[in-house]
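Structural characterization, general
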Amino acid sequence: MQDSLFANVQELPRDPILGLTEAFVADKAPHRVNLGVGVYQDENGKVPLLACVKQAEEALLSKTAPHTYVPIDGLPAYDSAVAQMVFSDSADLAKVATIQALGGTGALKLGAELLRVISPNAKVWISDPSWENHRALFSAAGFAVETYPYYGADGELDFAGLVKTLAAIPAGDIVLLHACCHNPTGLDLSHDQWRQIAKIVRERGLTPFLDTAYMGFAEGLEADAFSVRLFASDGGPLFVSFSFSKSLSLYGERVGALSVLTASAAERARVLSQLKRIARITYSSPPGHGAASAALVLADPALRKQWDDELGGMRERIKKMRKLLAEKLSERLPGRDFSYIVRQNGMFSYSRLTAAQAIALREKYAVYALDSGRICVAALNEKNIDYVSECVAKVMTEV
Ligand SMILES: Cc1ncc(COP(=O)(O)O)c(C=O)c1O
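Residues numbered from 1 in each chain as written. Predicted model: local features only at pLDDT ≥ 70, side-chain atom pairs only at ≥ 80, totals over all residues. Heavy atoms only, no water.

1. Points about the layout of surface pockets
Inclusion rule: Put plainly, a pocket is an open set of points on a 1 Å grid over the protein atoms alone with protein on both sides within 12 Å along at least five of seven lines, a cavity is a set where a 1.4 Å probe fits but cannot get out, and a lining residue has an atom within 4 Å of a point. Grid points are joined across faces, edges and corners, and a volume is the space filled by probe spheres set on the points. Numbering of helices and strands runs from the N terminus, with a helix taken as a DSSP run of H or I at least four residues long and a strand as a DSSP run of E at least two residues long. All amino acids are sorted into three groups, where Ala, Val, Leu, Ile, Met, Phe, Trp, Tyr, Cys and Pro are nonpolar, Asp, Glu, Lys and Arg are charged, and the leftover types, Gly among them, are polar. Domain limits in this description derive from either an automatic procedure or a database domain assignment.
Of the pockets and cavities examined, the largest pocket occupies roughly 670 Å³. Of all elements in the fold, only helix 1 (16-26), helix 4 (103-118) and helix 5 (132-140) reach the threshold of two or more residues within the lining of the largest pocket. When residues in the lining of the largest pocket are grouped by element, the largest group, four residues, is from helix 5. The residue inventory of the lining of the largest pocket, partitioned by class, reads 13 nonpolar, 10 polar and six charged. Each of domain 1 (16-48 + 313-398) and domain 2 (69-299) gives at least three residues to the lining of the largest pocket.

2. A closer look at the packing of aromatic side chains
Using the following cut-off: Between the rings of Phe, Tyr and Trp (Trp by its six-membered ring), a pair exists once the centres lie within 6.5 Å; its type follows the angle of the planes, with under 30 degrees stacked, over 60 edge-to-face, and the other angles tilted. Buried means the residue's accessible area, taken with a 1.4 Å probe over protein chains only, is under 20% of the maximum for its type, while exposed means over 50%, and partly exposed covers the values in between. In this analysis the charged atom, NZ for Lys or CZ for Arg, is taken to sit over a ring once it is within 6 Å of the ring centre and within 35 degrees of the ring normal.
This structure, assessed with the given rule, holds 12 aromatic pairs. Centre to centre, the rings of Phe242 and Phe244 are 4.8 Å apart; their planes meet at 75 degrees, and the pair counts as edge-to-face. Side by side, Phe242 and Phe244 carry an identical accessibility label, which is buried. The cationic tip of Arg116 hangs over the ring face of Phe143; the distance from NZ or CZ to the ring centre is 5.4 Å. For Arg374, the ring lying beneath its charged end belongs to Phe348, and the centroid distance is 3.7 Å.

3. Section: the site of the ligand
Quick reminder of the rule: Near is defined per residue: the residue qualifies when any heavy atom it owns lies within 4 Å of the molecule or strand. Whenever a nitrogen or oxygen atom comes within 3.5 Å of another N or O atom, the pair is scored as a polar contact, on the condition that within protein one atom can donate a hydrogen and the other can accept it, and that pairs from neighbouring residues in sequence are kept only if both atoms are in side chains. Surface accessibility in these figures is a Shrake-Rupley result with a 1.4 Å probe; residues are shielded only by whichever protein chains are displayed. Criterion for pocket placement: a molecule counts as inside a cavity or pocket if more than half of its atoms are within 2 Å of its grid points.
The environment of the ligand is formed by Gly103, Gly104, Thr105, Trp131, Asn183, Asp211, Ala213, Tyr214, Ser243, Ser245, Lys246 and Arg254. The side chain of Lys246 places a nitrogen or oxygen atom 2.9 Å from an oxygen atom of the ligand. Protein burial of the ligand: of its 390 Å² of free accessible surface, 91% is covered by the chains. Taking a 2 Å distance to the grid points as the criterion, the majority of the atoms of the ligand fall inside the largest pocket. For the shell around the ligand, the element with the most residues is helix 4, which contributes three residues. Residues that form the shell around the ligand fall into these classes: three nonpolar, six polar and three charged.

4. Some details on the domain arrangement of the chain
Going by this rule: Two residues form a contact once any of their heavy atoms are found within 4.5 Å. Simply put, the buried area is the total loss of 1.4 Å probe accessible area from both parts when two parts are fitted together.
On domain assignment, one finds that the chain holds domain 1 (16-48 + 313-398) and domain 2 (69-299). Computed from C-alpha atoms alone, the centre-to-centre distance between domain 1 and domain 2 is 28 Å. Contact residues are listed per partner, giving 21 residues for domain 1 and 23 residues for domain 2. When residues of domain 1 are sorted by the area they lose upon contact with domain 2, Arg315, Asn345 and Tyr350 head the list and together hold 34% of the total.

5. Considerations on the sheet that holds strand 5 (residues 174-178)
This is how the line gets drawn: Strand pairing requires that DSSP identify at least two bridges connecting the strands. For every element, the axis is a line fit to its C-alpha atoms; helices are fit only across the contacting stretch, and the angle between N-to-C directions ranges from 0 to 180 degrees.
The seven strands lie next to each other as 2-8-7-6-5-3-4, forming an open sheet whose pairing is mixed. Looking at strand neighbours, the two that pair on one side only are strand 2 (96-101) and strand 4 (144-149), the edges of this open sheet. Ignoring which end each strand starts from, the neighbouring axes of this sheet average 20 degrees apart. When strand 3 (residues 123-128) meets strand 4, the two strands line up parallel, connected through six bridges. Each residue of the ladder has a partner; that of Val124, found in strand 4, is Val145. Across the sheet, helix 10 (residues 265-282) touches strand 2 and strand 8 (256-261), and the angle it forms with strand 2 is around 15 degrees.

6. A look at the pattern of salt bridges
Side-chain pairing between opposite charges can occur once the charged atoms of the two side chains come close. What counts, and what does not: Salt bridge, as used here, is a side-chain nitrogen of Lys or Arg placed within 4 Å of a carboxyl oxygen of Asp or Glu.
Summed over the entire model, instances satisfying the criterion amount to 19 salt bridges. Residues Lys394 and Glu390 are paired through a salt bridge, measuring 3.2 Å at the closest nitrogen-oxygen approach. With Lys394 and Glu390 both in helix 15 (residues 385-398) and four residues apart, the pair spans about one turn of that helix. Lys394 gets classed as partly exposed once you look at its relative accessible area, which sits at 29%. The class for Glu390 is partly exposed, based on a relative accessible area of 31%.

7. Structural notes on the environment of Asp27
Tracing the chain through its elements places Asp27 in the loop between helix 1 and strand 1 (33-34). Overall, the relative accessible area of 16% leaves Asp27 in the buried class. Sequence separation between Asp27 and Ala171 is 144 residues; the distance between their C-alpha atoms is 50 Å. Of note is the side chain of Asp27, whose polar atom sits 2.9 Å from the backbone nitrogen of Ala29.

Right under this line is the structure:
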């Protein structure tokens, strides 16, 4: 008998976040809380269906259009609406190649594969720490992945370390930056710091890649586009991955886009042809429904306004939870400063829980946080915040 084809296939470790969710689901404690997730939840702990999306979907359904193929590079109305929203007038859109992608991850993958064609010998630099898929995705595309300092030993942004490392990166390397709402730390650059980084990146001839998965969750759609528009305003080159998963709560529909700012309309056409080839051999063409809904929300002034309001509601609820958590922890642990929780942006907080404390939180109190101390603030609500802050305060003193 021949050995099975799969006899030597290695079992890979589980995704740490999914593993945590599985453990949470298996936990029978009635008071259990899952702060490990990466999705926005409303006050009732539910992932919302935004009213703007529901209305767009109803309008689409009433048209009963056939389910034909979407063009390889996506729905034209969607691509142009995304480019317009992300860049506004910071770039000449005739020089921007935008392609619909399967969420933000799909956009990063398209960008990574294009960069393999253009800059095969470059290294990719990501923040330390970063969203764990960044390293995996760029490594799988064949790049050596290095890190630049980001999270300091004091729990604040290590800007000096970031600048020092960037200033020594060889020309031609690729620098991946989080456009806003850094995942996992929640620490963002100030406008002035962004200007300094953009200057170094351009002076050294590095290729900036801005991952934009949480636009609208820090200060609003316009304000959060600052970093992208800053890098775009000097003419590029620039890669921008974009995701509507969180901002339109369209996680499962896989709605994202990659935009590449080139130096001319002719370059744009050539770059787009390469991106289309990558899409064609990977998944042929993207799904239609989510992108059509997003395009309608962006094009219809009433739906667009409604989206702004609903996104504002999500953003403000997260900010309220940050404030409450910081207040409740300060009450329980007087003398300690929890203002960092309020200063962080987006769905996540690097809570400054150690791995041992995160484990104790899980095992003793059924509150699930990542071992890195990352918690999803959007999973907090008025019903669980007292319990969570009580348990966090306990492990912070006992462990
Ligand atoms: C920093 C960052 N980039 C990209 C993504 C991917 O987004 P999507 O779910 O749209 O693929 C995420 C999702 O969690 C993220 O946190």
